[in-house]
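# Survey of secondary and tertiary structure
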Amino acid sequence: MDIKYLNEFRVLADVCNYQEAADHLFISLSALSKHISKLEQELGVSLFNRTTRKVSLSEYGSLFYRYAVQITDSYSDCTRAMTELQEDHALHLKVAFQPLLTEYNISEALGGFKQAYPDIQLTIMEHTNPRELLQTNQCDTAFHTEYGDRRDIKHAIFLAADELVAVLPADHPLAEKDSVSMEQLKEEKFIVKQETYSDLNRIFQQLCADAGFEPKVGCTIRYSSGMAKMVTAGMGIAVTNRKHVPVSDFGQIRAVPISPAVPFNIYLLYAGNRKNSFALQSFRDYLAETTLS
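Described in the following lines is the structure provided in the data block.

Rules used throughout
- Residues numbered from 1 in each chain as written.
- Predicted model: local features only at pLDDT ≥ 70, side-chain atom pairs only at ≥ 80, totals over all residues.
- Heavy atoms only, no water.
- Salt bridge = Lys/Arg side-chain N within 4 Å of Asp/Glu carboxyl O.
- Helix = DSSP H or I, 4+ residues; strand = E, 2+ residues; numbered from the N terminus.
- Patch = residues over 30% accessible without salt bridge, like charges linked within 9 Å, V, L, I, M, F, W, Y side chains within 5 Å.
- Areas by Shrake-Rupley, 256 points an atom, 1.4 Å probe, with all protein chains shown as cover.
- Buried < 20%, exposed > 50% of the residue type's maximum accessible area, 1.4 Å probe, protein only.
- Axes fitted to C-alpha atoms, helices over the stretch in contact; angles between N-to-C directions.
- Parallel < 35°, antiparallel > 145°, perpendicular 65-115°, else oblique.
- Left-handed = near helix turned anticlockwise from the far one by under 90°.
- Contact = heavy atoms within 4.5 Å.
- Nonpolar A, V, L, I, M, F, W, Y, C, P; charged D, E, K, R; others polar.
- Phe/Tyr/Trp six-rings, centres within 6.5 Å; stacked < 30°, edge-to-face > 60°.
- Lys, Arg positive; Asp, Glu negative; His and termini not counted.
- Polar contact = N/O pair within 3.5 Å; in protein donor to acceptor, adjacent residues only side chain to side chain.
- Expected span 1.5 Å × (residues − 1).
- Arc of directions from axis to C-beta.
- Pairing = 2+ DSSP bridges.

Moving on to the pattern of salt bridges. Inspection of every chain in the model, using the stated rule, returns 7 salt bridges. When the shortest N-O distance is used, the salt bridge between Glu187 and Lys216 registers 3.2 Å. Separated by 29 residues along the polypeptide, Glu187 in the loop between β6 (156-169) and β7 (189-193) and Lys216 in strand β8 (residues 216-221) bring together distant segments of the chain.

So this is what it looks like as structure tokens:
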């Protein structure tokens, strides 16, 4: 017995009109009539009482309808469960991350995961807003960053932390301090990022505003990792993440924590309304044992 014929029988029984049922099923009227006839021949009974305009279930049809509903519903549930199981065991994973995270051993972590799970097809997507890719189902998981103390983000795993520092020339009067406030830096010329939409630029502008001044810009630069080089070159000072300051430059510059402290946290986001696939769960487990610093 063809499950497709059972579904067509169910639709016809619901609407009691061949043409309406055929339109609903996107098949021709003649095809529907042929399929119902085959079903009746197989069962050896008439399922419908037919008139010139409408049909109605016969006594046999009413009995058969109850079982047809159960069978078609069970078949739909089965195919859905099979699809979900296939997705659970799918050996592919799309990961999105922000460009600035290359300073936090993301590349090494992804490479290590690929070596540990060579059968999983890994697609890496660099994007300024990876959270948006996750929300629109364009990736399976996303690295996300936030400035501040918050660690209670839903459907996220905390991975690593950093802090905001002032990058100063080694001979700067504040260079040997344990910390420095933004008020102490208000007369300085700053090296800032070109991208006004970046989180670093946003938090920097907010800190200046909270301290009551408009920053004087010495130069703009595209990459956070290049800010320390500009400080070394005498172009001004910078406010950036500690991990963005090359250790090799510490002879000429100092990284002094901003006070009050401004933490920078890294998370792995996943969709709470989707079941974890084998690939995603493996990735989460791998990162839980990996240090991103």
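Take a nonpolar patch on the surface next. Nonpolar side chains collect at one region of the surface, where Leu63, Tyr67 and Ile71 lie side by side and expose about 280 Å² of accessible area between them. Following the sequence through the fold, Leu63 ends up in helix α4 (residues 59-88). You can call Leu63 partly exposed: its relative accessible area is 41%.

One way to put it is that helix α1 (residues 3-15) packs onto helix α2 (residues 18-25) with a least axis distance of 9 Å and a crossing angle of 130 degrees. In terms of their interaxial angle, α1 and α2 are classed as oblique. Where α1 crosses over α2, the handedness of that crossing is right-handed. Contact residues: α1 offers Asn7, Glu8, Val11, Leu12 and Val15, while α2 offers Tyr18, Glu20, Ala21, His24 and Leu25. For the contact of α1 with α2, the residue count by class is 6 nonpolar, 2 polar and 2 charged.

Attention now goes to the packing of aromatic side chains. Summed over all chains, the structure comprises 12 aromatic pairs. Geometrically, the ring pair formed by Phe158 and Tyr267 is edge-to-face, given 6.0 Å between the ring centres and 70 degrees between the ring planes. Of this pair, Phe158 sits in strand β6 while Tyr267 sits in strand β11 (residues 263-270), and the two are 109 residues apart along the sequence. Among the aromatic residues, those joined into a cluster by ring pairs are Phe113, Tyr117, Phe143, Phe283 and Tyr286.

The next point concerns the side chain of Glu8. Turning to its location among the elements, Glu8 is positioned in helix α1. An unpaired buried charge is present at Glu8: no salt bridge exists, and Lys4, the closest side chain of opposite charge, is 5.2 Å distant. Once residues lying within four places of it in the same chain are set aside, the contact partners of Glu8 are Leu25, Ile27, Leu32, His35 and Ile36.

What follows deals with the environment of Asp140. Mapped onto the secondary structure, Asp140 falls in the loop between α6 (130-135) and β5 (141-147). A polar side-chain atom of Asp140 sits 2.7 Å from the main-chain amide nitrogen of Lys94.

Let us now look at helix α3 (residues 29-43). An ideal rise of 1.5 Å per residue puts 21 Å on 15 residues; α3 measures up with 21 Å between its terminal C-alpha atoms. If you check which residues of α3 are buried, you get Leu32, His35, Ile36, Leu39 and Glu40. Seen end-on, α3 carries its buried residues on one side only, within an arc spanning 135 degrees. Exposed residues on α3 whose side chains face more than 90 degrees from its buried face are Ser30, Lys34 and Gln41. One or two positions beyond α3, positive phi appears at Gly44, with a value near 80 degrees.

Burial analysis of β11 places 8 of its 8 residues in the buried class, which makes it a mostly covered element. Burial along β11 is two-sided: Pro263, Asn265, Tyr267 and Leu269 and Phe264, Ile266, Leu268 and Tyr270, pointing in opposite directions, are all buried. In terms of strand pairing, β5 meets β11 through 7 bridges, oriented antiparallel. For Tyr147, the partnering residue across the bridge sits in β11 and is Phe264. Strand direction decides the pairing type here: β6 and β11, joined by 7 bridges, are antiparallel. Along β11, the bridge assignment pairs Glu163 with Pro263.

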